[in-house]
Number of protein chains: 2
Amino acid sequence: MDKIRRELLTKMAGAAAMLPLVGAGSSAATTAAAAQEHSHEGVDMSIYKMGSEKIAMLMYDGMTALDLIGPQYLLGGMMGVQMYLVSKDGKPVTTDTGVGLVPNTSFDECPKDLDIFFVPGSAQGVLDTMEDEETIAFVKDRGERAKLITSVCTGSLILGRAGLLEGYKATSHWVSVDLLPLFGAIPVKERYVRDRNRITGGGVSAGLDFALSIIAELRGQPYAEAMQLLAEYDPQPPFNAGSPEKSPQNHVKVYRQMFKPFVEHVHKMVGKKQA
Amino acid sequence: MDKIRRELLTKMAGAAAMLPLVGAGSSAATTAAAAQEHSHEGVDMSIYKMGSEKIAMLMYDGMTALDLIGPQYLLGGMMGVQMYLVSKDGKPVTTDTGVGLVPNTSFDECPKDLDIFFVPGSAQGVLDTMEDEETIAFVKDRGERAKLITSVCTGSLILGRAGLLEGYKATSHWVSVDLLPLFGAIPVKERYVRDRNRITGGGVSAGLDFALSIIAELRGQPYAEAMQLLAEYDPQPPFNAGSPEKSPQNHVKVYRQMFKPFVEHVHKMVGKKQA
């Protein structure tokens, strides 16, 4: 995987790669030095804190691509970061909207000690993953060792299944947040929720807000603002239906029906485990 | 590619696949019939307009994954839609944040007459694509035939290079919107801009708002609201720095410097063409 990883590191942070001052892949020290050196060009680079965090993002068949790609864009923009996109065997995964994603490492080759371990959600893909012992063992191992244990959307159910949310406040997609107590977690209906070193995001697009809050913590607010500006994240949704409280109730009822088999499956799974 | 395409169609619209009423891959007619039939279950399914639009989304090396994955999630949730993810040779592409994306068709096999043709942006990847004659010829051909010609972020520069924006109002990422007149387009600084059958979105995350507006047009507002709710798109950015007007000006200046070589390259490219 070394070639692929090298390729990843040089391609990472596409925008940063264009910055004449700080090529992507340069060490944090070099980057910081370059930043200081160029502060006279009318901008203050010293406000952008440098680092070299190791981040691993789980990929599995049936996952929701957007759950991962949103945070990956923002977190990957942190200069010096080492981004591990990890599937079980290091091979591409399918997603629930049909686009395939290519990882850059496997469970075996993923570093053991991470700054951030991240799990995306989905519907059927989450159920399959929760019942896959090898993946759950991997999530438990890397999660327990990681400085920050994180998820977006129904990814929190996978964290829960791995025993990582017991006694922690957490959130999930609005259709699944009430399932969290099955795993000993305390459900909170917020955009993202932090309890000690667990940070869980709401459904799908919540990954953007979630990731900005993590960047602010790791690299300071100016860095998070800079990534928000690069992503032009100045949301102007044409409708106001993004939560079950704000949406027309017909849509809410449709999804409750649609996800009934999902909810029942999770209940049954947990019942089986306890039996 | 037939096997891959079939696989895509069955995996498409992950959420819809879970709906007991309407399995993904079922025809629009079946879906509509099923929806009517189940309207008695306490929800009105008839408000969700069905269809079978053909959408092609361009993939190229160096593209920004999030530019495409946001709209792909939302547009792909339209039941019955046919989603073609198209790279030159049908092989996976690299992206500027290091994640690889797997297409499901090639230029040769992509249908000629599309309802929507979509082009994502990036930085270096856009420059390379604008100078790739085969890709520009493909964009021009499918664009001219398509009912809606669309882009997100710097993807509008690729449309411009293919001659598709002459005399049209359009937008782009905020660092590149002022380049649009080089291609005869009239730059407009809005989240997304429609002029006749051209719809262009702003930078990266603007693809979410852009896609919701397209769904509303094709399938009606209720369908767009339902997709917004599924994506839990109730944005709550922790900072207010998503546009050059709102952001601290240091960030704006840094990006202007960072993208100076990009801007100069586009000017040079156009100059060469005219010479």
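Residues numbered from 1 in each chain as written. Chains lettered and ligands numbered in written order. Predicted model: local features only at pLDDT ≥ 70, side-chain atom pairs only at ≥ 80, totals over all residues. Heavy atoms only, no water.

## With respect to a negative patch on the surface
Taken together, the side chains of D61(A), D89(A), D128(A) and E131(A) make up a negatively charged region of the molecular surface. With respect to the helices and strands, D61(A) occurs in the loop between β1 (54-58) and α4 (65-75). (Patch = residues over 30% accessible without salt bridge, like charges linked within 9 Å, V, L, I, M, F, W, Y side chains within 5 Å. Areas by Shrake-Rupley, 256 points an atom, 1.4 Å probe, with all protein chains shown as cover. Salt bridge = Lys/Arg side-chain N within 4 Å of Asp/Glu carboxyl O. Lys, Arg positive; Asp, Glu negative; His and termini not counted. Charge placed at Lys NZ, Arg CZ, Asp CG, Glu CD. Helix = DSSP H or I, 4+ residues; strand = E, 2+ residues; numbered from the N terminus.)

## With respect to the interface of chain B and chain A
One frequent convention defines the size of an interface as the accessible area lost when the parts assemble. Facing 89 residues of chain B, the contacting portion of chain A comprises 90 residues. Summing both partners gives a buried area of about 7500 Å² for chain B against chain A, and 64% of it is carried by carbon and sulfur. Counting across the interface, chain B meets chain A through 42 residue pairs in polar contact (both at pLDDT 80 or more). Those elements that place two or more of their residues in the side of chain B that touches chain A are α1 (2-11), α2 (14-18), α4 (65-75), β3 (100-102), α8 (206-219), α9 (221-230), α10 (249-258) and α11 (260-274) of chain B. Top element by residues in the side of chain B that touches chain A is α9(B). It accounts for nine residues. In the side of chain B that touches chain A, the residues fall into 50 nonpolar, 27 polar and 12 charged. For strand β3 (residues 100-102) of chain A and β3(B), the ladder comprises three bridges, and the chain directions are antiparallel. (Contact = heavy atoms within 4.5 Å. Buried area = accessible area lost by both parts, 1.4 Å probe. Polar contact = N/O pair within 3.5 Å; in protein donor to acceptor, adjacent residues only side chain to side chain. Nonpolar A, V, L, I, M, F, W, Y, C, P; charged D, E, K, R; others polar. Pairing = 2+ DSSP bridges.)

## Topic: the relation of the copies chain B and chain A
Overlay of chain B on chain A (RMSD 0.0 Å): rotation 180°, translation along the axis 0.0 Å. In short, the pair behaves as if placed about a two-fold rotation axis. Within chain B, the C-alpha atom positioned nearest to the axis of rotation is that of L101(B), 2.4 Å from it. Here 100% of the interface residues in chain B have copies in chain A that are interface residues too; the copies meet face to matching face. (Least-squares fit on C-alpha atoms with pLDDT ≥ 70 in both.)

## Notes on unusual backbone geometry
Residue and element names in this part refer to chain B. Even without being a glycine, C153 presents a positive backbone phi close to 60°. Within the secondary structure layout, C153 lies in the loop between β6 (148-151) and α7 (155-161). By relative accessible area, which is 4% here, C153 ends up buried. Positive phi, close to 45°, is recorded for E232, a residue that is not glycine. Secondary-structure assignment places E232 in the loop between α9 and α10. Under the relative-accessibility criterion, E232 is labelled buried at 11%. (Buried < 20%, exposed > 50% of the residue type's maximum accessible area, 1.4 Å probe, protein only.)

## Observations regarding the sheet that holds strand β10 (residues 198-201) of chain A
Two modes of strand pairing occur in sheets, parallel and antiparallel, and in both the strands are linked by backbone hydrogen bonds. All names here are of chain A. Reading across from one edge, β4-β2-β1-β5-β6-β10-β9 is the order of the seven strands in this open sheet, with mixed pairing throughout. With one partner strand each, in any of the chains shown, β4 (105-106) and β9 (192-195) form the two edges of the open sheet. Sheet analysis places β9 next to β10, joined by four bridges and oriented antiparallel. For R194, the partnering residue across the bridge sits in β10 and is I199. Packed on one face of the sheet, α4 meets β1, β2 (82-87) and β5 (116-119) and runs near 165° to β1. (Axes fitted to C-alpha atoms, helices over the stretch in contact; angles between N-to-C directions.)

## Here's the deal with the side chain of S106(A)
Along the chain, the position of S106(A) falls in strand β4. A residue is classified by how much of its surface remains accessible, and S106(A), at 10% relative accessible area, is buried.

## Describing the pairing of strand β9 (residues 192-195) of chain B
Residue alternation in β9(B) divides its side chains into a buried set, V193(B) and D195(B), and an unburied set, Y192(B) and R194(B). Linking β9(B) back to strand β10 (residues 198-201) of chain B in an antiparallel pair, the connection comprises two residues, with R196(B) at a positive phi of about 50°.

## A closer look at the pattern of salt bridges
Under the definition given, this model contains 26 salt bridges over all chains. Residues K88(A) and E134(A) are paired through a salt bridge, measuring 3.8 Å at the closest nitrogen-oxygen approach. Taken together, the residues K88(A) in the loop between β2 and β3 and E134(A) in helix α6 (residues 133-145) connect sequence positions 46 residues apart. Exposure remark for K88(A): the relative accessible area of 33% places this residue in the partly exposed category. Its salt-bridge partner being R145(B), residue D113(B) comes within 3.2 Å of it at the nearest N-O pair. In this pair, D113(B) sits in the loop between β4 (105-106) and β5 (116-119) while R145(B) sits in helix α6 (residues 133-145), placing the two residues 32 residues apart along the sequence.

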